[in-house]
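# What the coordinates show
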Amino acid sequence: MTSQLKEHYVRARDSFWFLPASLVVLAIALSSSAVFLDRQLDLDWAADSTLALGVDGSRGLLTVIGGSVLGVAATAFSITISVIATASSSYGPRLVRNFMADRGNQFVLGVFVSTFAYCVLVLRSVTAEDSDAGREAFVPYVAVYLAILIAVVNIGCLVYFIHHIADSIQISTLVESVRDDLRRVAEREYPRDEERWSPAAVPATRLEPTDPRVLELSTGSPGYLVAVDVQSLVSYAAEHDLLIEVVPKVGDHLLPTEPIARVRGSRESELPDSLASAVRRRVSIDDARTPYQDIRFAVQQLSEMAVRALSPGTNDPFTAQNAIEELAVGLAAVASGTEPPEGIADESGELRLVLRRPRPIELIDIVFDDLRAHGSAQMRVVRPAIQLAKRVAENGSADLAQRAWMHVDLLLAAYAASGAAGFDVERMRELATTSTRAVRRRPWPPDVGV
């Protein structure tokens, strides 16, 4: 599956309509199959049994079930929208994507809507006897009693939905969801297995726009670079003997006139006519960032939760502390992983693609810059930030550790300048010094004092 197809699939999967629409299609197929089965079976005996509902009874039952679940679906949708509005105003509008992508919410709403569709379609097949038209009464007993079973399932879904929506608005659940996004992209883009990158890793060569052999391709539309199909670009470049450089990083915002890629052909070959469209098909531009390849966005989601929790309107330093602690999951994975190469070669070892990814130091800077700017006056921020630096130092290189300790020193200086009590400042300095000593081979920067 190409990156573009993956991106379309991810967008559909995260939307509020995809799973419900799929369940509606399944309900249509199920209703048709149940009615067809009723017509094929000889169920005349059921009309005289104690379980017989008759034409009027079947119509009434299907009408009640269909109308009831549609009303419940409307109520469930209203509750979901209310929860989304509350969470987005308190902890950031980017969390709306997490609620829309929640499979539990999608499944429950899909069950309600598909049940309504099933009842309407089965109701259409229930016919009364009409002697003038020569039509016999028909009641699809299998389909009707299946509707009763589906109604029982809907009751279970309603109970589950009430529990699920109450659980989903808990801050621990929200933080866990964002943390898992960060962990997945960190493990995928910065794997611990060095062999993953080594076969194709080669020194990168930047392409100069002034080179007459270099063609610069623009985006054609504004938006964020959300995905790059690395394998497809390498294969295309090898097939046409090209070198392709993706200019922005995943997550960067682009104007329609700004370059998305630079391409250089060999001296012997000319650039193919379909080059621009072929490259654009292998990169994805969207109006909103996603955490699937954009690790900076995944990091910023947790940082935003911590920062917004410190705002006067929210005033929840414990949530900020929780978010900072969970940041360590992703940053430790990045620190202990293998930094992806900028130069990627084909099977013959020829450089075909230059792709820049955020360096681990850049991610450390993003987190600590936000914490220092918005939370340097809060001990609930300073303490977990020191612990975060310690975890990064334990898992990363000496350079990465030194960068983290440098940010800790800056944070402590900002904490002291914020007017904190001298006793508290000394306690935090003590904690920082103890943490550095606990990490072997990761000394405090010699040019920075505490």
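A brief structural summary.

Moving on, we get to the overall build of the protein chain. Tallying secondary structure elements over the protein chain gives 15 helices and nine strands in all. When contacts within the protein chain are restricted to residue pairs at least 6 apart in sequence, long-range pairs at least 24 apart make up 78% of them. For the protein chain, the accessible surface area stands at approximately 22,100 Å², while carbon and sulfur atoms represent 55% of it.

A word on the nonpolar core. Looking at soluble globular proteins, one finds that nonpolar side chains tend to be buried together. I295, V299, M305 and L388 are the most contacted members of the largest nonpolar core, which totals 69 residues. Ranked by residue count, the leading element in this core is helix α11 (residues 317-336), at nine residues. With residues up to four places along the chain from it excluded, the contact list for M305 reads Y91, L95, I171, L174, V175, V178 and A323. Listed in part, the 23 residues of the second largest apolar core include V234, Y236, L242 and I260.

A word on the environment of F18. Within the fold, F18 resides in helix α2 (residues 18-40). Residues F18 and F107, spaced 89 residues apart in sequence, show a C-alpha to C-alpha distance of 9.9 Å. The contact partners of F18, leaving out residues within four places of it in the chain, are A12 and R13.

Tallying each qualifying case throughout the model produces 21 salt bridges. Among the salt bridges present, the one from E187 reaches R183, with a minimum N-O distance of 3.7 Å. On the criterion of helical spacing, the pair formed by E187 and R183 is a turn pair, its members being four residues apart in helix α7 (residues 171-189). Between R352 and D346 there is a salt bridge, and its shortest N-O distance comes to 2.9 Å. Owing to a relative accessible area of 9%, R352 belongs among the buried residues under this scheme.

What follows covers the packing of α2 against helix α5 (residues 103-125). In contact at an axis separation of 8 Å, α2 and α5 are set at 30° when each is read in the N-to-C sense. In terms of orientation, α2 lies roughly parallel with respect to α5. For the pair α2 and α5, the sense of crossing is right-handed. For the pair formed by α2 and α5, the contact residues are L19, P20, L23, V24, A27, I28, L30, S31, A34, V35 and R39 on the first element and R103, Q106, F107, G110, V111, V113, S114, A117, Y118, L121, V122 and S125 on the second.

Let's shift gears to the packing of α11 against helix α12 (residues 360-375). Where α11 contacts α12, the axes come no closer than 10 Å and their chain directions differ by 165°. Here α12 runs roughly antiparallel to α11, going by the angle between their axes. Taken as a pair, α11 and α12 cross one another with a handedness that is left-handed. Residues I324, L327, L331 and V334 of α11 form the contact with α12, whose participating residues are P360, L363, I364, V367 and L371. Residues that form the contact of α11 with α12 fall into these classes: nine nonpolar, no polar and no charged.

Calculation criteria
- Residues numbered from 1 in each chain as written.
- Predicted model: local features only at pLDDT ≥ 70, side-chain atom pairs only at ≥ 80, totals over all residues.
- Heavy atoms only, no water.
- Helix = DSSP H or I, 4+ residues; strand = E, 2+ residues; numbered from the N terminus.
- Contact = heavy atoms within 4.5 Å.
- Areas by Shrake-Rupley, 256 points an atom, 1.4 Å probe, with all protein chains shown as cover.
- Core = buried A, V, L, I, M, F, W, Y, C linked by side-chain atoms within 4.5 Å.
- Buried < 20%, exposed > 50% of the residue type's maximum accessible area, 1.4 Å probe, protein only.
- Salt bridge = Lys/Arg side-chain N within 4 Å of Asp/Glu carboxyl O.
- Axes fitted to C-alpha atoms, helices over the stretch in contact; angles between N-to-C directions.
- Parallel < 35°, antiparallel > 145°, perpendicular 65-115°, else oblique.
- Left-handed = near helix turned anticlockwise from the far one by under 90°.
- Nonpolar A, V, L, I, M, F, W, Y, C, P; charged D, E, K, R; others polar.

Nothing here speaks to function; it is geometry throughout.
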